[in-house]
There are 2 protein chains.
Amino acid sequence: MELDQRKKIILKAVIRNYLETGEPVGSRTISKYTDLNLSSATIRNEMADLEEMGYIVQPHTSAGRIPSDQGYRFYVDTMMEEKDREVVELKEMLLERQDKMETLLKQVAKVVAQNTQYAAMISAPSTHRNKVKFIQLSRVNPEQLLAVIVVEGNVIKNNIINVAEELSDENLLKLNILLNTHLNGLSMEEINLGIISAMKQQAGVHGSLIGEVIDAVGEAIKADEDLEIYTSGTNNIFRYPELTDNGKASELVGTFEEKQQLGSLIQESLAEDAGTGIQVYIGDEAPIKSMKDCSVVTATYELGEGMKGTIGIVGPKRMDYDKVIGTLRTIQSKLDELYRNE
Amino acid sequence: MELDQRKKIILKAVIRNYLETGEPVGSRTISKYTDLNLSSATIRNEMADLEEMGYIVQPHTSAGRIPSDQGYRFYVDTMMEEKDREVVELKEMLLERQDKMETLLKQVAKVVAQNTQYAAMISAPSTHRNKVKFIQLSRVNPEQLLAVIVVEGNVIKNNIINVAEELSDENLLKLNILLNTHLNGLSMEEINLGIISAMKQQAGVHGSLIGEVIDAVGEAIKADEDLEIYTSGTNNIFRYPELTDNGKASELVGTFEEKQQLGSLIQESLAEDAGTGIQVYIGDEAPIKSMKDCSVVTATYELGEGMKGTIGIVGPKRMDYDKVIGTLRTIQSKLDELYRNE
DNA sequence: GTTAGCACTCAATCGACGGGAGTGCTAACA
DNA sequence: TGTTAGCACTCCCGTCGATTGAGTGCTAAC
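Below is a summary of the structure that appears in this document.

What counts and how
Residues numbered from 1 in each chain as written. Chains lettered and ligands numbered in written order. Predicted model: local features only at pLDDT ≥ 70, side-chain atom pairs only at ≥ 80, totals over all residues. Heavy atoms only, no water. Helix = DSSP H or I, 4+ residues; strand = E, 2+ residues; numbered from the N terminus. Rg over C-alpha atoms; globule rule 2.2 N^0.38 Å. Buried < 20%, exposed > 50% of the residue type's maximum accessible area, 1.4 Å probe, protein only. Contact = heavy atoms within 4.5 Å. Areas by Shrake-Rupley, 256 points an atom, 1.4 Å probe, with all protein chains shown as cover. Near = heavy atom within 4 Å. Polar contact = N/O pair within 3.5 Å; in protein donor to acceptor, adjacent residues only side chain to side chain. Buried area = accessible area lost by both parts, 1.4 Å probe. Salt bridge = Lys/Arg side-chain N within 4 Å of Asp/Glu carboxyl O. Nonpolar A, V, L, I, M, F, W, Y, C, P; charged D, E, K, R; others polar. Least-squares fit on C-alpha atoms with pLDDT ≥ 70 in both. Expected span 1.5 Å × (residues − 1). Arc of directions from axis to C-beta. Pairing = 2+ DSSP bridges. Axes fitted to C-alpha atoms, helices over the stretch in contact; angles between N-to-C directions. Parallel < 35°, antiparallel > 145°, perpendicular 65-115°, else oblique.

Take the overall build of chain A next. Scanning chain A from N- to C-terminus turns up twelve helices and ten strands. Taking 2.2 N^0.38 as the reference for a compact globule, 342 residues should give roughly 20 Å; the C-alpha atoms of chain A span a radius of gyration of 27 Å, well beyond that estimate. Each principal axis of the C-alpha distribution contributes one length, and for chain A these read about 90 × 40 × 40 Å. The buried share of chain A, reckoned over its 342 residues, is 51%. Taking the contacts inside chain A whose residues are at least 6 apart along the sequence as the reference set, 61% of them involve residues at least 24 apart. Summed over all atoms, the accessible surface of chain A reaches about 16100 Å², with 46% contributed by carbon and sulfur.

Now the structure itself:
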């Protein structure tokens, strides 16, 4: 069977109506809702076809139809190609450029959640590929050294290193020069054991002590690379009974708290990034099982210097895709603006 | 009317039974539960008295009794003075000493939540009173300076400072000396505008540029003083219907996400700190209105060097106070141990 | 191909009903 | 005077059946 023009119109009408009301929609409603001027009986026939084709389902025999995952997928796909979304006006949108990345991200998550009334999450941009700008090792007291590493994008990492034996001023200076000449300009992912052992070799004699310090610096660089994720509006899920019935709320809240679980979503979204960077996952399409009754819309953003992160919105399948995608587009461009002329 | 010995026994029996079952408890149950050898009729009379005195209430006419807030309060108070709690064995309790405070705190929250099956929160110790150990200003590039401040307890703060005009090596060195001589050994709360302007004065001529830098350092020290709070086990609240019925879940989850709201609790707990540092808030006693159906148990902890923070456990009023308090005691001593010989 | 009509299905709602847990009160007992 | 057995009463809760109403599928006529 083929999805002809009329079927498409009816399918869209069903979905749009369901998005609004959250109730199964019957043939009579569609008969009046659309301007097709068809009787409910005709619509009934078409709807039976659509059901057979898998776009809509009946929750029980004598109820109206609701969209299946396949139906949502159709809707989202056609919607995405149809028109350029108008830019959504964000309520109280004030993104000031923050020194602290953390503050900015929390702010974005909050704005997005408030605006859409769904749950929002945002991952900090990964800095693997950012280059080291500056390294400094200083003595805090005889047994403690402080290593500070500044990376492009003004990301700062630091680490306190405990040493058994005091390092002479001369050696400290040498070490600083060594570290800077070897590591400056390298991206964090390029700094590997090979480079570190090369440095150790060049440092020569003092093997053990200096070696330890070099290792510690290497660790400081590698550390903290677990992706940080911030969430907001988790309690918006309570607006949608289909997400909170039967103890589903507990699972979802748990997932949002254990932010590591959200990682897979972030990864996938970054990987799939095509064109606009906006992705829609419906039900099982998302790689997180507790979200099987949700839809997830993700957008990748870029903060100058190639630092990429992901924003995600989680809501019921009957979410207002149009608005959500519009909001994400707006945020994308605002962030881009904010950091373009760094 | 007086709360005589027998009434106390009955009251405790009612409460203990209710804690176990979560069901209203009737006179017959108590008659068998206790070894008073009284008939249910006698118990009924006593229970009527207890109700009149406000220790227990009936959810409806023909139901058993449940403890009122006043009843819980009595129970907790007598329990606290009764005996030394035996030490609770924590499941999989492995607190390794972490370099990163954040990791340690998240770990503690998680352990506590898993152990008690309630929601847990923990505030990072405030560092107002910690003394500055080390300050360093370095040039990252001609327009950017990096300020690093190390505070007792190895708390590290840093800030990138943008300058309009390059600072000479000589001036940078002077500044470093100036900063260290003036600020080293002072606690963060002692560093105020007076001290900062004194430094500016001493710096003399270069007023504007150097003044700006000094201000920026001052800001870096003051910044980030909003208390950080970590939570875990939020979804444990779903184990207790009385906390999640009628949309209460949404409120509670919201409170846990907006961690700032938890601040008042932390403050109060730190302020009230008496003796053991353990506090119990029942219902309205807690300063957060979304917790009016909860009980909250807080404990202050100390990580050497006078860094104090608070751990809080939030659960239903019928929480297992005994276990919760035991767990908190154990955590307190483990943390103390961990940092005692710094 | 479209539509009116009709029988059918099934979830949701409502009221009636009975069981059960628990109470308060009274009267009898030690 | 304190304790207890007995009893009527209250009220929650689950079950059952009837009713309602929205919606469907099918058939026959247009």
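Attention now moves to the protein's contact with DNA strand D. Taken together, 21 residues are adjacent to DNA strand D, and Ser 27 of chain A together with Arg 6, Thr 42, Thr 61 and Ser 62 of chain B come closest. Among the atoms of DNA strand D lying within 4 Å of the protein, the sugar-phosphate backbone contributes 76%. Arg 44 of chain B is positioned with one of its side-chain polar atoms (N or O) 3.2 Å from a base oxygen of DNA strand D. Side-chain polar atom of Thr 61 of chain B to a phosphate oxygen of DNA strand D: 3.2 Å apart, as the coordinates give it. The set of elements that each furnish at least two residues to the surface near DNA strand D consists of α3 (40–53) of chain A together with α3 (40–52) of chain B.

What follows concerns the interface of chain B and chain A. If you look at the interface, chain B gives 29 residues, while chain A gives 29 residues. Around 2500 Å² of area is buried between chain B and chain A when both sides are counted, 55% of it from carbon and sulfur atoms. Taken together, the connections running from chain B to chain A amount to two salt bridges. Scanning the region where chain B abuts chain A turns up ten residue pairs in polar contact (both at pLDDT 80 or more). Within the residue set of the side of chain B that touches chain A, elements represented by two or more residues are β4 (132–141), β5 (144–151), β6 (155–162), β7 (229–232) and α10 (248–257) of chain B. Ranked by residues supplied to the side of chain B that touches chain A, first place goes to β4 of chain B with seven residues. Looking at the side of chain B that touches chain A, its residues break down into ten nonpolar, 13 polar and six charged.

A few words on the relation of the copies chain B and chain A. Of the two same-sequence chains, chain B is brought onto chain A (RMSD 0.1 Å, axial shift 0.0 Å) by a rotation of 180 degrees. Within this description, the copies of the chain are treated as partners about a two-fold rotation axis. Both copies contact each other with a shared surface, as 100% of the interface residues of chain B are interface residues in chain A too.

For DNA strand C, the set of nearby residues contains 21 residues, the closest of which are Arg 6, Thr 42, Thr 61 and Ser 62 of chain A together with Ser 27 of chain B. A breakdown of the atoms of DNA strand C within 4 Å of the protein gives sugar and phosphate a share of 75%. Mapped onto the surface near DNA strand C, the elements with two or more residues apiece are α3 of chain A together with α3 of chain B. Among the elements that line the surface near DNA strand C, the one with the most residues is α3 of chain A, at four residues.

In this section: helix α6 (residues 169–183) of chain B. All names here are of chain B. Its 15 residues give α6 an end-to-end C-alpha distance of 21 Å, which sits within 8% of 21 Å, the value for a rise of 1.5 Å per residue. For α6, the set of buried residues is Asn 171, Leu 172, Leu 175, Asn 176, Leu 178, Leu 179 and Leu 183. Down the axis, α6 shows its buried residues gathered within 165 degrees of arc, on one side only. Seen from the buried face of α6, the exposed residues on the opposite side, beyond 90 degrees, are Asp 169, Glu 170, Leu 173, Lys 174, Ile 177 and Thr 181.

Residues and elements named next belong to chain B. The strand order across the open sheet formed by three strands is β4-β5-β6, and the pairing between neighbours is antiparallel. Only two strands of the sheet have a single partner each, and these edge strands are β4 and β6. Within the sheet, the average angular offset between the axes of one strand and its neighbour, ignoring direction, is 15 degrees. Sheet analysis places β5 next to β6, joined by eight bridges and oriented antiparallel.

On to the side chain of Ser 232 of chain A, then. Looking at the secondary structure, you find Ser 232 of chain A in strand β7 (residues 229–232). Of the residues examined, Ser 232 of chain A reaches a relative accessible area of 9% and is grouped as buried.

To continue, consider the packing of helix α1 (residues 5–21) of chain A against helix α4 (residues 69–82) of chain A. All names here are of chain A. Direction vectors running N to C along α1 and α4 enclose 100 degrees, while the axes themselves pass 10 Å from each other. Between α1 and α4, the crossing angle belongs to the class labelled roughly perpendicular. Of α4, the residues touching α1 (which contributes Lys 8, Leu 11, Lys 12, Ile 15, Arg 16, Tyr 18 and Leu 19) are Gly 71, Tyr 72, Phe 74, Tyr 75, Thr 78 and Glu 82. When grouped by side-chain class, the residues that make up the contact of α1 with α4 number seven nonpolar, two polar and four charged.

The next thing to look at is the pairing of β7 of chain B. Residues and elements named next belong to chain B. Neither face of β7 is open: one carries Ile 229 and Thr 231, the other Tyr 230 and Ser 232, and all of them are buried. Pairing of strand β3 (residues 119–123) with β7, which is carried by four bridges, proceeds in the antiparallel orientation. Residue Ser 123 lies in a different strand from β7, and its bridge partner there is Ile 229.

Moving on, we get to the environment of Met 291 of chain B. Residues and elements named next belong to chain B. Turning to its location among the elements, Met 291 is positioned in the loop between β8 (278–282) and β9 (294–302). Each C-alpha atom, one on Met 291 and one on Leu 243, is 8.9 Å from the other, the two residues being 48 residues apart in sequence. For Met 291, the residues in contact, after removing those within four places along its chain, are Leu 252, Thr 255, Phe 256, Leu 262, Leu 265, Gly 283, Val 296 and Val 314.

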